[in-house]
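Below, each chain spelled out in residue letters.
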Amino acid sequence: MDMHVHDRRRFLALTAAAAATPLLAACGAGFGGDDSKSDGSAADDVTGSFDWKREKGTTVKALLNKHPYTDALIADLKSFTEKTGIKVEYDVFPEDNYFDKLTVDLSSGRASYDVFMLGAYMVWQYGPPGWLEDLGPWMRNSSATGSEWDQADFFPNLLQADQWSLKAGAPLGQGGQYALPWGWETNVVAYNTDVFKKLGLKPAETFDELRELARTIKRKAPGAGFDGMYGIAVRGSRSWATIHPGFMTMYARNGLKDFTVEGGKLTPAMNSPEAVAFTEDWAGMVKQGGPPSWTSYTWYQCSSDLGAKKAGMLFDADTAAYFQAVEGASPASGKIAFHPGPKGPDGSLATNMWIWSLGMNAKSKKKSASWLFLQWATGKEHLLKSAITHNHIDPVRRSIADDGAYKDKMKHLPGFIETFETVVDQTKIQFTPQAQFFDATTSWASALQEIYGGQGAKSVLDGLAGDLADKVG
Amino acid sequence: MGWRLALRPYVLIVPALLLTCGILYPFGLGLYYTLFDFSASKPQPDMVRFENYETVFTQEAFWNSAWVTVLYAVGAAAVETVLGVTVALLLHRSTIVGRVLEKILILPLMIAPVIAAIIWKLMLQPSVGVINYLLRPFGLGGVQWTDTPTGALLSSIAVDVWVYTPFVAILALAGLRSLPTSPFEAAAVDGAGWWYTFRRLTLPMLWPYVLVAVIFRFMDSLKVFDIIYALTEGGPGDSTVVLQIRAYLEAIRFQRYSFGISYTIVLWAVVYLAAMVLVKHLGKIQRKAAEVSAK
């Protein structure tokens with residue numbers, strides 16, 4: 001009997017040890033797997049003359065976000081395969097969980113996807129851990145990059161937006177090229193021409209005028225035959241995405257900064273007296289002229305309210321309005337016009353941008369084929385076709401923006417081309433690059449909601465700045 | 001004893017052992033990670049021992065989240081219990097209507113909570129939502145349900161109640177139908193009224209079933225994520241940022257993995273302790289119920 005007990009104990013001890021082995025092994029394995037690094041770029045391995053067929057027979061795996069730009073890309077993938085002999089397999093995820101999927105995948109250290117869509121802000125998060133391939137060496141290598149790719153054709157502010165030295169607070173446009181601009185959006189005001197005509201309104205040239213306009217529309221539009229219409233649609237959900245379109249654009253046009261940088265140290269500046277006054281005014285504008293249930297508003301609700309004639313104006317991405325404005329897309333299509341939006345006190349039209357970029361996984365085993373894909377997807381041929389036959393608008397290349405066929409396609413939208421041309425050179429990332437961007441902007445959106453809810457702007461923003469100082473300092 | 005017979009107990013526990021390892025391995029790994037400052041910006045981290053927990057407990061954000069989590073869990077579990085038991089009592093008298101209602105009642109349980117939250121988000125939308133449309137004749141058509149901290153919390157609890165009250169009702173109904181009939185027959189012979197019978201017989205004997213439902217619902221509500229995230233994303237402000245949402249934001253959105261896991265470990269400890277207390281209480285209640293039915 002004793003022997004039996006002894007056996008059982010021994011058996012359990014051995015089993016426990018066996019179970020613990022992988023745990024201990026995992027402890028010893030470190031975090032995130034293989035940490036072997038090479039200073040040289042894989043681009044250096046590509047030699048000889050440039051050849052689209054160089055990686056014939058390879059399959060590249062892409063992670064894509066559900067978007068009209070993606071639809072245009074997928075529709076044209078056959079051309080890429082014919083040109084290169086490379087097959088592209090892809091997964092498409094909706095935006096709500098696209099970045100979570102990408103983040104988890106990249107942080108796992110696997111190379112499940114060779115290429116993927118990302119925004120410039122994501123470079124600040126994915127760049128420092130070494131998850132993104134520096135595309136600079138690929139762009140500079142004439143064996144890897146065809147001459148027709150024409151780097152100089154990109155709007156320079158867009159290429160710079162994806163270029164960073166990975167140092168918090170350092171300006172963009174220096175260091176590695178961690179992604180390539182593929183499609184973008186500039187944040188401007190779109191408005192319902194019917195309600196403007198009926199109420200005798202003109203687009204606002206100053207922020208004060210915009211606030212007044214929003215109030216006026218909310219007050220007068222329902223009585224003028226626009227049932228349930230409010231003044232201005234802007235995002236309000238508790239997300240980083242609330243801060244970057246209209247809010248950050250107007251914030252920047254007022255000459256305000258998110259952080260000040262001195263000697264590489266970041267100090268939150270969203271509680272400066274001018275920033276507090278602006279934030280209070282913005283929240284007031286939303287309260288008096290914005291949508292009901294604003295705190296749940298994402299770009300989707302804003303955009304569809306403009307299309308459904310619920311919103312008199314939209315201060316957001318020009319594409320968000322464009323997708324409602326095209327013929328047959330919404331009840332308001334044909335009645336939507338574009339305007340650069342209010343200027344700052346000094347006439348500034350500084351505009352914040354969102355930029356859909358394409359990046360390469362630093363852990364990819366198919367970098368040469370992936371680079372051919374990136375080169376094709378950001379090349380003139382595909383982008384021009386996508387802009388004209390699909391809805392890949394806001395071209396990242398000057399040649400496409402100037403193309404007659406593209407202009408013909410867009411000219412029926414009142415003010416679209418003029419607005420684009422007015423703000424394009426002043427549109428850039430208005431945030432200070434730093435790895436805690438998502439924490440900072442999510443907390444900022446939360447603060448904005450509290451101010452909208454009636455809390456004092458100064459105390460809320462002081463609290464936000466204090467909290468962020470520890471995280472980014 | 002043959003060797004086959006001697007080996008049999010060990011073979012039989014293998015599935016349970018594998019399951020235990022499958023649970024303990026990620027749990028242990030998570031626990032281990034909390035001792036480091038592991039984040040995206042520090043993929044080769046230093047050991048910081050209990051510093052993550054110290055930071056968690058000294059953060060105002062944690063205490064705010066803990067308070068919101070408790071309010072949510074207590075509120076949801078309490079309302080669901082009262083409503084669930086009431087519905088079960090109403091359905092206990094088996095009529096045709098009751099049997100039809102039983103089947104309808106189970107519908108919310110067939111919908112994923114996140115879908116339910118999205119449906120409710122649309123229904124609660126102030127200008128186009130059906131709730132305000134129905135309230136408009138009563139002069140209440142302009143309520144902004146999720147725009148205020150209290151409104152957002154109450155709306156989230158309401159969705160939880162909508163999804164999970166049927167669960168409590170079904171458990172309570174099963175309990176009611178399994179109660180012995182003799183004590184009720186004796187009470188009827190003695191001329192006991194409905195209220196007296198309910199208070200002295202039905203409720204004491206039903207308590208163990210109700211408590212099982214309360215344990216499940218309370219523990220689940222402490223761990224809520226889907227309903228709140230889909231409905232409010234934690235806003236407005238931080239008013240509905242429960243511990244699970246805070247952990248998700250820290251670990252996934254902000255990529256402070258160790259810190260995010262620390263939040264979940266703290267949450268696990270709270271749920272574990274709450275469950276232990278409730279299960280201990282369940283034993284006492286079961287003994288009391290057995291005494292009542294034996295009388």
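Refer to the preceding data block for the structure.
Let me begin by describing the structure that accompanies this report. (Residues numbered from 1 in each chain as written. Chains lettered and ligands numbered in written order. Predicted model: local features only at pLDDT ≥ 70, side-chain atom pairs only at ≥ 80, totals over all residues. Heavy atoms only, no water.)

Side chains that carry opposite charge are capable of pairing whenever their charged atoms lie near each other. Under the definition given, this model contains 33 salt bridges over all chains. Here B:Arg256 ties to A:Asp439 by a salt bridge, and the two come within 2.5 Å at their closest N and O atoms. Of this pair, B:Arg256 sits in the loop between helix H11 (243-253) and helix H12 (257-294) while A:Asp439 sits in helix H20 (residues 437-452), placing the two residues on different chains. Across this residue pair, the class does not change: B:Arg256 and A:Asp439 are buried. Between A:Lys458 and A:Asp462 there is a salt bridge whose closest N-O contact spans 2.8 Å. Separated by 4 residues within a single helix, A:Lys458 and A:Asp462 lie in helix H21 (residues 457-472), roughly one turn from each other. A relative accessible area of 29% means that A:Asp462 is categorised as partly exposed. Through salt bridges that share partners, A:Asp439, A:Asp467, A:Lys471, B:Glu250 and B:Arg256 make up one connected network. (Salt bridge = Lys/Arg side-chain N within 4 Å of Asp/Glu carboxyl O. Helix = DSSP H or I, 4+ residues; strand = E, 2+ residues; numbered from the N terminus. Buried < 20%, exposed > 50% of the residue type's maximum accessible area, 1.4 Å probe, protein only.)

What follows covers the side chain of A:Gln436. Counting through the fold element by element, A:Gln436 comes out in the loop between strand E13 (427-428) and H20. Of the residues examined, A:Gln436 reaches a relative accessible area of 18% and is grouped as buried. If sequence neighbours within four positions are ignored, A:Gln436 has contacts with A:Lys471, A:Val472 and B:Arg256. (Contact = heavy atoms within 4.5 Å.)

Our next topic: a positive patch on the surface. Residues and elements named next belong to chain B. Taken together, the side chains of Lys280, Lys284, Arg287 and Lys288 make up a positively charged region of the molecular surface. As for its placement among the helices and strands, Lys284 is situated in helix H12. Residue classification places Lys284 among the partly exposed positions, given a relative accessible area of 48%. (Patch = residues over 30% accessible without salt bridge, like charges linked within 9 Å, V, L, I, M, F, W, Y side chains within 5 Å. Areas by Shrake-Rupley, 256 points an atom, 1.4 Å probe, with all protein chains shown as cover. Lys, Arg positive; Asp, Glu negative; His and termini not counted. Charge placed at Lys NZ, Arg CZ, Asp CG, Glu CD.)

Moving on, we come to empty space enclosed by the protein. The tally for this structure, following the rule as stated, stands at 2 cavities of 30 Å³ or more. Contributing to the lining of the largest cavity are A:Arg238, A:Ser239, A:Trp240, A:Thr442, B:Tyr229, B:Glu233, B:Leu249 and B:Arg253. Of the residues assigned to the lining of the largest cavity, the class counts are 3 nonpolar, 2 polar and 3 charged. Computed from the structure, the second largest cavity encloses a volume of approximately 30 Å³. Contributing to the lining of the second largest cavity are A:Thr186, A:Val188, A:Asp318, A:Phe338, A:Phe416, A:Thr419 and A:Phe420. Among the secondary structure elements, those contributing two or more residues to the lining of the second largest cavity are strand E6 (180-192) and helix H19 (416-423) of chain A. At 3 residues, the largest contribution of residues to the lining of the second largest cavity is made by H19(A). (1 Å grid on protein atoms, 1.4 Å probe; cavity = no way out; pocket = protein on both sides within 12 Å on 5 of 7 lines; lining within 4 Å. Points joined across faces, edges and corners; volume = space filled by probe spheres on them. Nonpolar A, V, L, I, M, F, W, Y, C, P; charged D, E, K, R; others polar.)

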